[in-house]
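# An overview of the molecular structure
Residues per chain are reported as follows:
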Amino acid sequence: MSLENIYGIVSSSLTSQSIRLNAVASNIANASTAASSPDAVFKALKPVFRTVYDEVLTEGGGTAPVAKVEVDSVIRQASEAVRQYEPEHPLADDTGYVYYPSISVIEEMADMLSASRSFQTSMEVMTTAKQLQQRMLSLGA
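## Details of the overall build of the chain
Counting secondary structure elements, the chain contains 2 helices and 4 strands. Traced from its N-terminal end to its C-terminal end, the chain shows the element sequence α-β-β-β-β-α. Computed over C-alpha atoms, the radius of gyration of the chain comes to 22 Å, more than 25% over the 14 Å expected from 2.2 N^0.38 for 141 residues, which places it beyond the range of a compact globule. For the chain, the spread of C-alpha atoms along the principal axes amounts to about 75 × 25 × 20 Å. Per-residue burial for the chain yields a buried fraction of 24% across its 141 residues. Nonlocal contacts in the chain, meaning residues at least 24 apart in sequence, comprise 61% of its contacts between residues at least 6 apart. Surface exposure of the chain reaches about 9,200 Å², of which carbon and sulfur atoms provide 55%. Separation between the mean location of the 10 positive side-chain charges and that of the 16 negative ones in the chain comes to 7 Å.

Listed below in structure tokens is the structure:
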């Protein structure tokens, strides 16, 4: 498998994890955002991944199967709003209730750590591939 193919695979992983990290950041930032009705509450964002299979040319002239990950879509989670009695809040409804998203910051932080580690691992793979290519070039000189 060529270095170009490795970079393509790693690049798709980096892009996917970056989108995942952005979704988590948005969820954490909006976890305590108040709304005046359950319909207006922020809904957590979740990326949906899919595997894309492809054939790449090998150095021997044949083909080899390669799997990449891509973000198929980013969906808003359907979850119940958390209702809290806060009659002094400017967004309180006629009965004094304010609505908040049901986002667990702890779960989002765990998801962020997982995405961050996956991103870091992909970067290490790309760095290693680059170092191997540089060593190979120095052997040929």
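Here the narrative resumes.
## Details of the pattern of salt bridges
If you walk through the whole model with that rule in mind, you get 4 salt bridges. Across the pair Asp 111 and Arg 20 runs a salt bridge, and its minimum N-O distance is 2.6 Å. With Asp 111 in helix H2 (residues 105-140) and Arg 20 in helix H1 (residues 3-29), this pair connects stretches of sequence that are 91 residues apart. Here Asp 111 falls in the buried class, since its relative accessible area comes to 19%. The class of Arg 20 is buried, set by a relative accessible area of 13%. Measuring nitrogen to oxygen at the nearest pair gives 3.4 Å for the salt bridge that ties Arg 50 to Asp 72. Of this pair, Arg 50 sits in strand E1 (residues 45-57) while Asp 72 sits in strand E2 (residues 63-76), placing them 22 residues apart in sequence. If you follow the salt bridges from partner to partner, you end up with Arg 50, Glu 70 and Asp 72 in one network.

## Regarding H2
Look at H2: 53 Å from first C-alpha to last across 36 residues, which is about the 52 Å you get at 1.5 Å a residue. Of all the residues in H2, the buried ones are Glu 108, Asp 111, Ala 115, Ser 122 and Ala 129.

What counts, and at which threshold
Residues numbered from 1 in each chain as written. Predicted model: local features only at pLDDT ≥ 70, side-chain atom pairs only at ≥ 80, totals over all residues. Heavy atoms only, no water. Helix = DSSP H or I, 4+ residues; strand = E, 2+ residues; numbered from the N terminus. Rg over C-alpha atoms; globule rule 2.2 N^0.38 Å. Buried < 20%, exposed > 50% of the residue type's maximum accessible area, 1.4 Å probe, protein only. Contact = heavy atoms within 4.5 Å. Areas by Shrake-Rupley, 256 points an atom, 1.4 Å probe, with all protein chains shown as cover. Lys, Arg positive; Asp, Glu negative; His and termini not counted. Charge placed at Lys NZ, Arg CZ, Asp CG, Glu CD. Salt bridge = Lys/Arg side-chain N within 4 Å of Asp/Glu carboxyl O. Expected span 1.5 Å × (residues − 1).

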